[in-house]
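Spelled out, the chains give:
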Amino acid sequence: MTKSSSNAMWGGRFASGPDAIMEAINASIGFDKRMARQDIDGSRAHASMLAAQGIIRDTDAGAIREGLLTVLSEIETGSFEYSAALEDIHMNVEARLKEIVGEPAGRLHTARSRNDQVATDFKLWVRDQLDAAEGAILSLIGGLLDQAEAGADWVMPGFTHLQTAQPVTWGHHMMAYVEMLRRDLSRVRDARVRMNESPLGAAALAGTSFPIDRDATAQALGFDRPSANSLDAVSDRDFALEFLSTASICAVHLSRLAEELVIWSSAQFRFVTLSDRFSTGSSIMPQKKNPDAAELIRAKIGRIFGANTALMIVMKGLPLAYSKDMQEDKEQVFDAADNWMLALAAMDGMVRDMTANRESLAAAAGSGFSTATDLADWCVRALNMPFRDAHHVTGSLVALAEKEGCDLPDLSLEQLQSVCAEITQDVFSVLSVEASVASRTSYGGTAPVQVRAQVTRWREILA
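The structure presented is a predicted model; accordingly, all values stated were derived computationally and were not measured.

Right, let's talk about the overall build of the chain for a bit. The helix and strand inventory of the chain stands at 19 helices and six strands. Seen along its three principal axes, the alpha-carbon backbone of the chain occupies a region of about 100 × 50 × 40 Å. Every one of the 463 residues in the chain was classed for burial, and the buried ones make up 50%. The contacts of the chain with a sequence gap of at least 6 include a subset with a gap of at least 24, amounting to 73%.

Written as structure tokens, this is what we have:
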């Protein structure tokens, strides 16, 4: 592509083309070609509207629409030749369209600017990514539900400060991540509804004097309505920021689960065994099975956070309406979307393939005096003891068990009564981890009956 032909795309304002440095900093075709399909969809809808409104001839609109399908076919088959001199995907498509259909191609940009065109393309692309994220989150929820249902009554330690707190069930722990992802799913759907207004027809910033039908193009592209203010339409990137914010919050949840899988799969815990598909070996230590997929998810999350921060910084000082700074929005979103989708897919695979080691979970569940709270609660219920007194008695019994080198259920009745004479044989009914989890029947509790009820509720939601 020569300087003069590139110059023609800008019109007669410039006497000479850009030099190499300006061309390099100005061009975005290297990354925004990912929006080719969205650009062509938007242009086809725009051409149809122009013809319907009598702004261009039907024959010209037909040639444009068919020519754009040819361009799309070339792009999808890999035969399309991109030119950095043409700056972006919009100019590349239009230039190739002119080669295919000739003079009618020059009528496509009537009543449109690259400002509203790029905003429309970008919105369509982000909307597609939100739809993909919804599907990926739903799939991961399905994998977690399978794990929860299988292990609804498998006891394991529940932690606070990464120290044994109270026994819970494997199913309950899996369902905690289902609830996190439920909120992520809600944010994805909410963001999609809020962003679904069409910028097309806002033109450069002030609208157009042509009698366009913005409702028609909005409907053709699946938007709920056209945006109500042309200045806002071309300068808005809230949809991209909200996409990154939504991705970032979901990424936090993925990273937390990844961290737990790293810990749980270690030789010190042995809570889970990850499949060979999501593990690697060591180049020097033949016994190693490393949870690399989980570790990489944990690391890639930082790129999503970084993209979120970077775009906020780009946008924070921009006056209305469009500024070239906004060209820097896409690489951040593209990279974050790629890593979010990859992290969701990898986590889905790990969750579905991993095996919970029931024996290791049960052994750990009974350690660390995990039923101490059950003992205190029993003192309150059975002995009518104020909770603070019960807390003190239980603490003294924990100290005694530590001294004896055993756990609470291993203390004899006489040893228990040496601290509190009112304790009876009935106390042993609450000191096992199985009795502990079975007793937590409050809504949202860890009792197997509650876990299975939540799994059933979710199966109905997904159905």
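There's plenty left to go through after this.
Okay, the confidence of the model for the chain next. Of all residues in the chain, 94% attain a pLDDT of 70 or more, and the chain-wide mean is 91. Per-residue pLDDT stays below 50 along residues 1–6; that stretch engages in eight contacts with residues further than four places along the chain or on separate chains.

Here we come to a nonpolar patch on the surface. There is a patch of nonpolar side chains on the surface, built from Leu-205, Leu-231 and Leu-320 and spanning about 270 Å² of accessible area. If you trace the backbone, Leu-320 turns up in the loop between helix H12 (292–315) and helix H13 (329–353). With a relative accessible area of 63%, Leu-320 lands in the exposed category.

Following Leu-320, the chain continues into Ala-321 via a peptide bond in cis, with omega recorded as 5°. Within the secondary structure, Ala-321 is located in the loop between H12 and H13. Its identity is not glycine, yet Arg-270 carries a phi of approximately 55°, on the positive side. Relative to the elements of secondary structure, Arg-270 occurs in the loop between helix H11 (238–264) and strand S5 (272–273). Even without being glycine, Asn-384 reaches a positive phi, approximately 55°. Assessed through its relative accessible area of 68%, Asn-384 is described here as exposed.

Each regular strand carries side chains that alternate between the two faces of the sheet. Pairing analysis gives six bridges linking strand S1 (residues 155–160) to strand S2 (residues 163–169), with the strands arranged antiparallel. Looking across to S2, one finds that Thr-160 is bridged to Gln-163. Hairpin geometry of S1 and S2 is characterised by an intervening segment of two residues between the two adjacent antiparallel strands and by a positive phi of about 60° at His-161.

For the rest of this paragraph, the subject is helix H15 (residues 372–383). Along its twelve residues, H15 runs 16 Å from first to last C-alpha, staying within 8% of the 16 Å computed at 1.5 Å per residue. Directly after H15, the chain includes Asn-384, whose backbone phi takes a positive value near 55°.

This part is about helix H6 (residues 89–101). With 13 residues, H6 should cover 18 Å at 1.5 Å per step; its first-to-last C-alpha distance of 18 Å lies within 8% of that length. Of the residues making up H6, those classed as buried are Ile-89, His-90, Met-91, Asn-92, Val-93, Glu-94, Ala-95, Leu-97 and Val-101. Between the side-chain oxygen at the start of H6 and the backbone nitrogen of His-90 there is a gap of 3.2 Å, and the oxygen is on Asp-88.

What follows concerns the side chain of Asp-184. Mapped onto the elements of the fold, Asp-184 is located in helix H8 (residues 170–195). Among the residues examined, Asp-184 registers a relative accessible area of 0% and is labelled buried.

Our next topic: the state of the cysteines. Scanning the model with the defined rule gives zero disulfides in all. Unpaired in terms of disulfides, Cys-379 finds its nearest cysteine sulfur in Cys-420, a separation of 5.6 Å.

Moving on, we get to the nonpolar core. The biggest cluster of nonpolar side chains holds 77 residues, and the ones touching the most others in it are Trp-170, Trp-340 and Met-347. Breaking this core down by element, the ones donating at least two residues are helix H7 (114–150), H8, H11, H12, H13, helix H14 (358–365) and helix H19 (448–462). If you tally residues by element for this core, the top one is H11, at 15 residues. Judged by nonpolar contacts, the second largest core, of 24 residues, contains Val-71, Leu-72, Val-93 and Leu-97.

Note on placement: Val-398 falls in helix H16 (residues 387–404). Through-space distance from the C-alpha of Val-398 to that of Phe-369 is 7.0 Å; in sequence the pair is 29 residues apart.

We now examine the packing of aromatic side chains. With the rule as written, the count across this model stands at nine aromatic pairs. With 5.4 Å between their ring centres and 50° between their planes, Trp-170 and Trp-264 make a pair best called tilted. Remark: Trp-264 occurs in helix H11 and Trp-170 occurs in helix H8; sequence separation between them is 94 residues. Exposure remark for Trp-170: the relative accessible area of 0% places this residue in the buried category. Trp-264 sits in the buried class, given a relative accessible area of 2%. Following the ring pairs from residue to residue traces out a cluster consisting of Phe-159, Trp-170, Trp-264, Phe-269 and Phe-271. Sitting above the plane of the Phe-334 ring, Arg-34 keeps its charged end 5.0 Å from the centroid.

About the thresholds
- Residues numbered from 1 in each chain as written.
- Predicted model: local features only at pLDDT ≥ 70, side-chain atom pairs only at ≥ 80, totals over all residues.
- Heavy atoms only, no water.
- Helix = DSSP H or I, 4+ residues; strand = E, 2+ residues; numbered from the N terminus.
- Buried < 20%, exposed > 50% of the residue type's maximum accessible area, 1.4 Å probe, protein only.
- Contact = heavy atoms within 4.5 Å.
- pLDDT = per-residue confidence, 0-100.
- Patch = residues over 30% accessible without salt bridge, like charges linked within 9 Å, V, L, I, M, F, W, Y side chains within 5 Å.
- Areas by Shrake-Rupley, 256 points an atom, 1.4 Å probe, with all protein chains shown as cover.
- Salt bridge = Lys/Arg side-chain N within 4 Å of Asp/Glu carboxyl O.
- Pairing = 2+ DSSP bridges.
- Expected span 1.5 Å × (residues − 1).
- Polar contact = N/O pair within 3.5 Å; in protein donor to acceptor, adjacent residues only side chain to side chain.
- Disulfide = S-S within 2.5 Å.
- Core = buried A, V, L, I, M, F, W, Y, C linked by side-chain atoms within 4.5 Å.
- Phe/Tyr/Trp six-rings, centres within 6.5 Å; stacked < 30°, edge-to-face > 60°.
- Lys NZ or Arg CZ within 6 Å of the ring centre and 35° of its normal.

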